[in-house]
Amino acid sequence: MMYPEVRAAVEADDSPDLSVPGFDIAAHREKVRRFNLRQPREDVASVEDVDADGVRCRLYTPADVRPGLVVHAHGGGFVLNDIDVHDQITRRLANRVRRPVLSVDYRRPPEDPFPAAPDDMDAVVGWLRREGVDRDLAGPYAAHGDSAGANLALVAALRNPGFFRVVALIYPFLDPRCAFPSWAEGAASGFDRSEAAWYWEQYAPTEADLDDPDLAPLLSRELHTLPPTFVATAEHDPLRDEGEELARRLAEAGVETVGIRCLGQVHGFWRNAQLTASEPLVRQVAGYLDQHLA
């Protein structure tokens, strides 16, 4: 059952149809960015914009900081959102995990399709390898993301084995063919198959890319190389089954894996501070990261 406050949020959602011919993606991005920057946000000890070998990032450092760093990739179907849209939730994560969080403003399609985003994540990893000690960001490191950002965090860990000590993924967006049964939840949840297909069409320039494990990491043969991994799904999210399939495959590959399903929730709830389940999940993620970064 979808919880009442969640159902109300779904019913109030007035997001436009992005697939309408001529839709102005840039204007929509800017509208969403400005809206999110007007929302209340927590203080952190410092916020610094940094250039990680050409990739714009934002470093959030909490008070009483502990050793370690979380690399965060934002969600938004690969196409939408940015570090400003995720500013509020990134501050919350930094304060809960008590470690710096580096939010990555990776390139997005349709302007920059695959593999631009995973290449940007690699560039950030390379920058941290080279500059981390001098900038007092020497690690240990965690990879974290939600939705499409969880895909990118997972791919970053797979492409850079041994770099991350822990991975945390929030309702990861993994299957470009949208083939899992939970897509039956799509229409009622406010995130239907046609919207997901449009995101994948923007991200993947060719049909062959749909079978590339750097785009569709469920196809990776290197899942066994991952560090301890936390996967959270939402009961009424059409991405539920692909996230839980990832957790199953990781466990079978011998990876220390924790998978949880958040009852009554839909896609996107994690960063919505007004929803009751958001804060407990942020704290669960922070606790898991702390366990493995300490």
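The structure this text deals with has already been given above.
What comes next is a walk through the structure. Worth saying up front: this structure is predicted, and the values here are computed from it rather than measured.

### Considering the overall build of the chain
Move 1: On a plain count of helices and strands, the chain comes out with nine helices and eight strands.
Move 2: Here the chain has a C-alpha radius of gyration of 18 Å; the compact-globule value for 294 residues is 19 Å, and the two agree.
Move 3: Based on the C-alpha atoms only, the size of the chain along its principal axes is roughly 50 × 45 × 35 Å.
Move 4: Counting only residues that meet the buried cut, the chain has 56% of its 294 residues in that class.
Move 5: As presented, the chain carries roughly 12,200 Å² of accessible surface, and 49% of it is formed by carbon and sulfur atoms.

### Considering the nonpolar core
Move 1: Residues Leu-102, Val-124, Leu-128, Phe-164, Phe-173 and Leu-246 are the most contacted members of the largest nonpolar core, which totals 62 residues.
Move 2: A total of eight residues in this core trace back to one element, the largest contributor, which is helix 5 (residues 148–159).
Move 3: Other than its neighbours up to four places away in sequence, Val-124 contacts Ala-52, Val-55, Cys-57, Val-71, Leu-102 and Val-104.
Move 4: The next biggest cluster of nonpolar side chains, apart from the first, holds 32 residues, and it includes Ile-89, Ala-142, Val-166 and Leu-289.

### Things to note about unusual backbone geometry
Move 1: Cis geometry is adopted by the peptide bond preceding Pro-110, which originates at Pro-109 and carries an omega value of 5°.
Move 2: In this fold, Pro-110 is placed in the loop between strand 4 (101–104) and helix 4 (116–131).
Move 3: The residue after Gly-139, namely Pro-140, is reached through a cis peptide bond having omega 5°.
Move 4: Secondary-structure assignment places Pro-140 in the loop between helix 4 and strand 5 (141–146).
Move 5: Located in the positive-phi region is Asp-53, a residue other than glycine, with phi close to 55°.

### Let's talk about the sheet that holds strand 8 (residues 257–262)
Move 1: As summarised here, the arrangement of the eight strands in space is 1-2-4-3-5-6-7-8, forming an open sheet in which the pairing is mixed. Edge positions in the sheet fall to strand 1 (46–52) and strand 8, since each has one partner strand and no second. When the angles between neighbouring strand axes are averaged without regard to direction, this sheet yields 20°.
Move 2: Each of strand 6 (164–170), strand 7 (229–234) and strand 8 touches helix 8 (residues 240–252); the most contacted strand, strand 7, lies at about 155° to it.
Move 3: Here helix 9 (residues 278–293) sits on the sheet and contacts strand 3 (69–73), strand 5, strand 6, strand 7 and strand 8; the angle it forms with strand 6, its principal contact strand, is near 165°.

### Observations concerning the pattern of salt bridges
Move 1: The final tally for this structure, using the stated rule, is 33 salt bridges.
Move 2: Arg-56 is the partner of Asp-49 in a salt bridge, and the nearest nitrogen-oxygen pair spans 4.0 Å.
Move 3: Classification of Arg-56 as partly exposed rests on a relative accessible area of 36%.
Move 4: Bridged by salt links that share partners, the residues Glu-30, Arg-33, Arg-34, Arg-41, Asp-49, Arg-56, Arg-58, Asp-84, Asp-87, Arg-91 and Asp-105 form one connected network.

### Regarding the packing of aromatic side chains
Move 1: Taken as a whole, this structure holds 14 aromatic pairs when the rule is applied.
Move 2: When the ring of Phe-173 is compared with that of Trp-200, the centres are 4.6 Å apart and the planes differ by 40°; the resulting orientation is tilted. Of this pair, Phe-173 sits in the loop between strand 6 and helix 6 (186–189) while Trp-200 sits in helix 7 (residues 193–203), and the two are 27 residues apart along the sequence. Of the two residues, Phe-173 and Trp-200, neither departs from the other in class, the shared state being buried.
Move 3: An aromatic cluster is built from Phe-78, Phe-114, Phe-173, Trp-183, Phe-191, Trp-198, Tyr-199, Trp-200 and Tyr-203, whose rings are joined through pairwise contacts.

### What about helix 7?
Move 1: Buried within helix 7 we find Ala-196, Trp-198, Tyr-199, Trp-200, Gln-202 and Tyr-203.
Move 2: At its buried positions, helix 7 is contacted by helix 2 (25–37), helix 4 and helix 5.

### A short note on the environment of Asp-214
Move 1: With respect to the helices and strands, Asp-214 occurs in the loop between helix 7 and strand 7.
Move 2: Its relative accessible area of 25% is what places Asp-214 among the partly exposed residues.
Move 3: Each C-alpha atom of the pair Asp-214 and Ala-156 lies 8.7 Å from the other, and the pair is 58 residues apart in sequence.
Move 4: The contact partners of Asp-214, leaving out residues within four places of it in the chain, are Phe-114, Pro-118, Asn-151, Val-155 and Arg-159.
Move 5: Here Arg-159 takes part through its side chain, which lies 3.4 Å from a polar atom of the side chain of Asp-214.

### Points about the packing of helix 3 (residues 87–97) against helix 9
Two quantities define a packed helix pair, namely the angle between the helix axes and the distance between the axes.
Move 1: At a minimum axis separation of 9 Å, helix 3 and helix 9 run at an interaxial angle of 50°. Between helix 3 and helix 9, the crossing angle belongs to the class labelled oblique. Both helix 3 and helix 9 take part in a crossing whose hand is right-handed. On helix 9, the residues that touch Ile-89, Arg-92, Leu-93, Arg-96 and Val-97 of helix 3 are Ser-278, Glu-279, Val-282, Arg-283, Val-285, Ala-286, Leu-289 and Asp-290.

Reading the values: rules and limits
- Residues numbered from 1 in each chain as written.
- Predicted model: local features only at pLDDT ≥ 70, side-chain atom pairs only at ≥ 80, totals over all residues.
- Heavy atoms only, no water.
- Helix = DSSP H or I, 4+ residues; strand = E, 2+ residues; numbered from the N terminus.
- Rg over C-alpha atoms; globule rule 2.2 N^0.38 Å.
- Buried < 20%, exposed > 50% of the residue type's maximum accessible area, 1.4 Å probe, protein only.
- Areas by Shrake-Rupley, 256 points an atom, 1.4 Å probe, with all protein chains shown as cover.
- Core = buried A, V, L, I, M, F, W, Y, C linked by side-chain atoms within 4.5 Å.
- Contact = heavy atoms within 4.5 Å.
- Pairing = 2+ DSSP bridges.
- Axes fitted to C-alpha atoms, helices over the stretch in contact; angles between N-to-C directions.
- Salt bridge = Lys/Arg side-chain N within 4 Å of Asp/Glu carboxyl O.
- Phe/Tyr/Trp six-rings, centres within 6.5 Å; stacked < 30°, edge-to-face > 60°.
- Polar contact = N/O pair within 3.5 Å; in protein donor to acceptor, adjacent residues only side chain to side chain.
- Parallel < 35°, antiparallel > 145°, perpendicular 65-115°, else oblique.
- Left-handed = near helix turned anticlockwise from the far one by under 90°.

All we've got here are geometric facts, nothing functional implied.
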